[in-house]
Amino acid sequence: MSIYTQEQVNYLVEGKLDWETTMRMLSMPKDGERFRMYVHALQSKLPWDDKIILPISLHLYIAQNKTSKEWVTKCSCGHEFGDYRKNWKLQALIYVRDNAEAMHEVYPALMAPDTNWQVYREYYCPSCGTMHDVEAPTPWYPVMHEFEPDIEAFYNDWVHLPLPEKAS
Ligand SMILES: [Zn+2]
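In short, a report on the structure. Keep in mind the model is a prediction, meaning the values are calculated, not measured.

## Looking at the coordination of the zinc ion
Only Cys-75 (SG), Cys-77 (SG), Cys-125 (SG) and Cys-128 (SG) from the protein reach the zinc ion as donors, at distances of 2.3 Å. Between the four donor atoms coordinating the zinc ion, the angles at the centre fall across 106 to 113°, so the site counts as tetrahedral. By relative accessible area, Cys-75 is classed as buried at 0%. For Cys-128, a relative accessible area of 38% puts it in the partly exposed group.

## Considering helix α5 (residues 151-158)
Buried within α5 we find Ile-151, Phe-154 and Tyr-155. Viewed along the axis of α5, the buried residues span an arc of 90°, placing them on a single side of the element. For α5, the secondary structure elements touched by its buried residues are α3 (32-43), β1 (51-57), β2 (60-64) and β3 (71-75). Backbone geometry just downstream of α5 places His-160 in the positive-phi region, at approximately 55°.

## Some thoughts on the sheet that holds strand β6 (residues 120-124)
Taken together, the three strands give an open sheet; going across it, the order is β5-β6-β7, and neighbouring strands pair in antiparallel fashion. Of all strands in the sheet, those bounded by a partner on one side alone are β5 (93-97) and β7 (131-135). Taking the axes of each pair of neighbouring strands and ignoring which way they run, one obtains an average angle of 20° across the sheet. Note that β6 and β7 share four bridges and pair antiparallel. Within β7, the residue paired with Arg-121 across the bridge is Glu-135.

Calculation criteria
- Residues numbered from 1 in each chain as written.
- Predicted model: local features only at pLDDT ≥ 70, side-chain atom pairs only at ≥ 80, totals over all residues.
- Heavy atoms only, no water.
- Donors = N, O, S within 2.8 Å, 3.2 Å for Na, K, Ca; no water.
- Tetrahedral: all angles 85-135°; square planar, octahedral: opposite > 155°, others 65-115°.
- Buried < 20%, exposed > 50% of the residue type's maximum accessible area, 1.4 Å probe, protein only.
- Helix = DSSP H or I, 4+ residues; strand = E, 2+ residues; numbered from the N terminus.
- Arc of directions from axis to C-beta.
- Contact = heavy atoms within 4.5 Å.
- Pairing = 2+ DSSP bridges.
- Axes fitted to C-alpha atoms, helices over the stretch in contact; angles between N-to-C directions.

In short, shape yes, function no, at least from these values alone.
Below is the structure:
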């Protein structure tokens, strides 16, 4: 049983909780009840009701498509990027800042990185335009796929909740 109420977890999600309470909540051992409330708070703010399996960033989720039961990477707007094991970035709109002019839109003059050595790649949802990620690699570096969560272990060992159904 979690000692935090759904209302407090809602405030945490909305960023409205005072700093001290936030720190206390985040430093608590992870527990299934709190994860369930966290997901519930996120879910209630979304326009779709496919079950959230795992939030992966502010506006990006692994969710269970309620029709196919497949796990997909999904934007908060409802746009699906396909199977959760595939790199969603390859289905995103990509804007590459690889010249001084484009860099100066985000950096003051003289503080921008040298684009011979570093570029910015910005990944946007093709439906709603939300920016989901930014990479700052060397220009020749391949598209990164840094997040491949072990969802089974997360459910079994971490939050001790039953693993949601999944179509293979
Ligand atoms: Zn979107």
